[in-house]
Amino acid sequence: MRLYLIRHGQTAWNADGRAQGHSDVPLDARGVAQAERIAEYLGGIGIRHVYSSDLIRCVSTAKPLTERLGLELKVRQELRERTFGELEGKHYTELRVWFQAESRAQGLSEFELRPEGGESVRDVWKRTEKVSREIERSGEHSVVFTHGGTVSVLMARLMRGTLETTRSLR
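Residues numbered from 1 in each chain as written. Predicted model: local features only at pLDDT ≥ 70, side-chain atom pairs only at ≥ 80, totals over all residues. Heavy atoms only, no water.

Draft legend 1. Geometry of the packing of aromatic side chains. Taken as a whole and judged by the stated rule, the model has one aromatic pair. Aromatic side chains Trp98 and Phe99 sit 4.8 Å apart centroid to centroid with 85° between the ring planes, which places their arrangement in the edge-to-face category. Across this residue pair, the class does not change: Trp98 and Phe99 are buried. Positioned above the aromatic ring of Trp13, the side-chain terminus of Arg18 is 4.0 Å from the ring centre. Over the face of the ring belonging to Trp125 we find Arg157, whose NZ or CZ atom lies 4.5 Å from the ring centre. (Phe/Tyr/Trp six-rings, centres within 6.5 Å; stacked < 30°, edge-to-face > 60°. Buried < 20%, exposed > 50% of the residue type's maximum accessible area, 1.4 Å probe, protein only. Lys NZ or Arg CZ within 6 Å of the ring centre and 35° of its normal.)

Draft legend 2. Quick peek at the pairing of strand β2 (residues 49-52). Neither face of β2 is left uncovered, since the one carrying His49 and Tyr51 and the one carrying Val50 and Ser52 both have all their residues buried. One ladder, built from four bridges, connects β2 with strand β4 (residues 142-146); its direction is parallel. The residue of β4 that forms the bridge with His49 is Ser142. Here three bridges tie β2 to strand β3 (residues 73-75), and the two strands are oriented parallel to one another. Its bridge partner lying in β3, Ser52 is registered against Val75. Crossover handedness for the path β2 to helix α3 (residues 56-69) to β3: right-handed. (Helix = DSSP H or I, 4+ residues; strand = E, 2+ residues; numbered from the N terminus. Pairing = 2+ DSSP bridges. Right-handed = clockwise from strand over helix to strand, strands pointing away.)

Draft legend 3. Inspection of α3 at higher detail. Taking 1.5 Å of rise per residue, the 14 residues of α3 would be expected to cover 20 Å, and the 20 Å separating its terminal C-alpha atoms lies within 8% of that figure. Its maximal kink placed at Lys63, α3 deviates by approximately 35°, while the proline Pro64 follows within four residues. The complete set of buried residues in α3 reads Arg57, Cys58, Val59, Thr61, Ala62, Pro64, Leu65 and Thr66. Where α3 is buried, its residues contact α2 (29-42), β2, β3 and β4. (Expected span 1.5 Å × (residues − 1). Bend = angle between axes of the 7 residues up to and from the residue. Contact = heavy atoms within 4.5 Å.)

Draft legend 4. A look at helix α6 (residues 129-138). Buried within α6 are the following residues: Val131, Ser132, Ile135 and Ser138. Here the buried residues of α6 occupy an arc of 120° about the axis, which is enough to place them on one side. Among the exposed residues of α6, those oriented more than 90 degrees off its buried face are Lys130 and Arg137. Contacts made by the buried residues of α6 are with β1 (3-7), β2, β4 and α7 (148-158). (Arc of directions from axis to C-beta.)

Draft legend 5. Up close: the environment of Ser120. Within the element layout of this structure, Ser120 appears in the loop between α4 (92-106) and α5 (121-127). A relative accessible area of 1% places Ser120 in the buried class. Separated by 10 residues in sequence, Ser120 and Glu110 place their C-alpha atoms 8.0 Å apart. For Ser120, the residues in contact, after removing those within four places along its chain, are Arg82, Phe111, Glu112, Leu113 and Arg114. In terms of polar contacts, Ser120 uses its side chain to reach the backbone amide nitrogen of Arg122, at 3.3 Å. (Polar contact = N/O pair within 3.5 Å; in protein donor to acceptor, adjacent residues only side chain to side chain.)

Function cannot be inferred from these measures alone, as they are strictly geometric.
Here is the structure:
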C-alpha cells in the first residue's frame, strides 16, 4: 500500500499568511492549477481510494483526481484542519504570539492549548483516530487531501508516533 498525504491547493488566505482552520475558503487560481497538476501526477499510479476533508479547499483539490480516475471521493469531516476559533483569519505571526503567551500564562504545552471556540492539537489527534484506522485498513494505494496540521497528525499516527512526533513533521 502507498499512501499520499496532500495538503490542499493554495487559497488567498494561504497567500496572505492567515489561519483558515474551519473557515471554508476556496482555492485561488494558483490552487486550481495545483489541483490539476496533482491529478496529472497521480493519475496513472494505481490509486484506489481518495479521501478528503469536507472543506471546499480540499474537495476542490481532490476533484480533478477523482474525476480523472472515476473514483468516489470519500469526504470525512474528521480530516478538517484544527479550528482556531476566535483566532481564525488572523495572521500566523499573531497566532504564534498568542500561543507563546498563553502557554506561559496557563502553563500548558502547545498541544493542549485551545483558543476560545477552537481546538487543541490533542483534539485533532483524537478526532483523526477513526479515519486513520479506516485508511490503514483499506490496504490499497490511497490519497488523502487534507490540511497542513492534519497531515502532521496523520503522519504521526500512521508511523505509530505520539502527539510529540507531530512537532517534527510540520
